[in-house]
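Summary of the model geometry
One-letter residues, chain by chain:
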Amino acid sequence: MHPAPSIIVFTVLSGLGFGLLAFLGLGMPTVFGGVAFGYFTIAYLLAVIGLASSAFHLGNPQRALKAFTQWRSSWLSREACLSVATLVVMGIYGGGLVFFNTKLSTLGLLGSILALATVFATSMIYGQLKTVPRWNSWTTPALFVTLSLAGGALLAGQVLMTLAFLVLAGVLQVIAWTLGDGRFAEAGSTQGTATGLERIGTVRHFESPHTGTNYLLREMVHQVGRKHAQTLRVIALALMVVLPVVLLWLGVTYVTVALAALSHIVGTLASRWLFFAEAEHVVGLYYGKR
């Protein structure tokens, strides 16, 4: 799949923002007044900027409001509805903390659940696609939610939980890569099944369907070299998990936390780029792009 920058920024930043909101809703940390305002400002900026960036990938951004109408069948629509519900609920909860020094615990718990449900819905936009075998796995929602919790815990200053979720995210990422490498072959899709001609023999391309490119090739087919992908995997895992863990293990200071957060964000961006770049859509079989 084509790794569009807008979608990478959307999934990473919104995951961080909603992860931080989830911890704030649980009172981790419990803050009031100006400090609460600072935390909620960071969370909302990350969530809103992430959600807004996704609009740049729409063919007709003016029709974005229609995304809210198909919640019965569309994970994208469910994500849109859940994200708005989360922002509204957490806005009321945050308002109580900032302006009235009042903690509405039940509302905060509801907001936390909605925040994680939003991240899960985002993951299922991709995890539901049987046409992309690498994504169509339990590892997709598990990794999205765990990374959201790891990033949220880090921004919320919950060091022990950050270390636990970072390690878990690292393990899940390795599992996702390992299982994902064989998912396309396990799905059994070939040029023969794609064309329906396997019953009469081995199918191969005589020539390309057309001389130029098209929408399917631009959006659904992206090839990345195996050696290049392996190098990026090491870099992504090192920056996303290993370096933040080492920095926090050395000591918790403003400098180490800031460096750990920066490293984690850059590593997650690299990991998410690979998430899209390595994904193979079955439509590529029609063009001999396996």
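Structural data are supplied above this passage.
Worth saying up front: this structure is predicted, and the values here are computed from it rather than measured.

Right, let's talk about helix 5 (residues 139-155) for a bit. Compared with the 24 Å implied by 1.5 Å per residue over 17 residues, the 24 Å span of helix 5 between its first and last C-alpha is a close match. Residue Gly 157 follows helix 5 closely and has a positive phi angle near 75°.

This next bit is on the packing of aromatic side chains. Inspection of the entire model under this criterion finds ten aromatic pairs. Centre to centre, the rings of Trp 135 and Phe 276 are 5.5 Å apart; their planes meet at 85°, and the pair counts as edge-to-face. With Trp 135 in the loop between helix 4 (105-127) and helix 5 and Phe 276 in helix 10 (residues 254-277), the pair connects residues that are 141 residues apart, well separated along the chain. We note that Trp 135, like Phe 276, is buried.

Scanning the model with the defined rule gives two cavities of 30 Å³ or more in all. Taken as a whole, the largest cavity encloses approximately 160 Å³ of empty space. In this structure, the largest cavity is lined by 15 residues; those nearest its centre are Leu 143, Gln 173, Ala 176, Trp 177 and Phe 275. When residues of the lining of the largest cavity are traced back to their parent elements, those giving at least two are helix 5, helix 6 (159-187) and helix 10. Broken down by element, the lining of the largest cavity gets its largest block of residues, five residues, from helix 5. Class assignment of the residues belonging to the lining of the largest cavity gives a composition of eight nonpolar, four polar and three charged. When residues of the lining of the second largest cavity are assigned to their parent elements, the largest contribution, seven residues, is made by helix 1 (residues 5-25).

As enumerated under the stated definition, the model contains three salt bridges in all. In this structure, Arg 233 and Asp 181 form a salt bridge, with 2.8 Å as the shortest nitrogen-oxygen distance. With Arg 233 in helix 9 (residues 226-250) and Asp 181 in helix 6, the pair connects residues that are 52 residues apart, well separated along the chain. Several salt bridges converge on common partners, so that one network encompasses Arg 134, Asp 181, Arg 233 and Glu 278.

Relative to the helices and strands, Ser 123 is located in helix 4. Through-space distance from the C-alpha of Ser 123 to that of Ala 142 is 8.5 Å; in sequence the pair is 19 residues apart. Dropping the residues within four chain positions of it, Ser 123 is found in contact with Thr 140, Pro 141 and Phe 144.

With that out of the way, let us pick up a nonpolar patch on the surface. Where nonpolar side chains cluster on the molecular surface, the patch consists of Leu 65, Phe 68, Val 84, Val 88, Ile 92 and Leu 104 and spans about 540 Å² of accessible area. Of note, Leu 65 is situated in the loop between helix 2 (33-54) and helix 3 (75-99). The exposed category is assigned to Leu 65, whose relative accessible area is 65%.

On to the environment of Trp 273. Tracing the chain through its elements places Trp 273 in helix 10. Its relative accessible area of 25% is what places Trp 273 among the partly exposed residues. Through-space distance from the C-alpha of Trp 273 to that of Ile 8 is 6.4 Å; in sequence the pair is 265 residues apart. Aside from chain neighbours lying at most four places away, what touches Trp 273 is Pro 3, Ile 8, His 222, Val 224 and Leu 232.

Looking now at the nonpolar core. Phe 18, Leu 21, Phe 40, Tyr 126, Trp 135 and Phe 276 are the most contacted members of the largest nonpolar core, which totals 49 residues. For this core, the secondary structure elements donating two or more residues are helix 1, helix 2, helix 3, helix 4, helix 5, helix 6, helix 9 and helix 10. Of the residues forming this core, the biggest block, twelve residues, is contributed by helix 1. Among residues more than four places away in sequence, those in contact with Tyr 126 are Ile 7, Phe 10, Thr 11, Trp 135, Phe 144, Phe 275 and Phe 276.

Analysis parameters
- Residues numbered from 1 in each chain as written.
- Predicted model: local features only at pLDDT ≥ 70, side-chain atom pairs only at ≥ 80, totals over all residues.
- Heavy atoms only, no water.
- Helix = DSSP H or I, 4+ residues; strand = E, 2+ residues; numbered from the N terminus.
- Expected span 1.5 Å × (residues − 1).
- Phe/Tyr/Trp six-rings, centres within 6.5 Å; stacked < 30°, edge-to-face > 60°.
- Buried < 20%, exposed > 50% of the residue type's maximum accessible area, 1.4 Å probe, protein only.
- 1 Å grid on protein atoms, 1.4 Å probe; cavity = no way out; pocket = protein on both sides within 12 Å on 5 of 7 lines; lining within 4 Å.
- Points joined across faces, edges and corners; volume = space filled by probe spheres on them.
- Nonpolar A, V, L, I, M, F, W, Y, C, P; charged D, E, K, R; others polar.
- Salt bridge = Lys/Arg side-chain N within 4 Å of Asp/Glu carboxyl O.
- Contact = heavy atoms within 4.5 Å.
- Patch = residues over 30% accessible without salt bridge, like charges linked within 9 Å, V, L, I, M, F, W, Y side chains within 5 Å.
- Areas by Shrake-Rupley, 256 points an atom, 1.4 Å probe, with all protein chains shown as cover.
- Core = buried A, V, L, I, M, F, W, Y, C linked by side-chain atoms within 4.5 Å.

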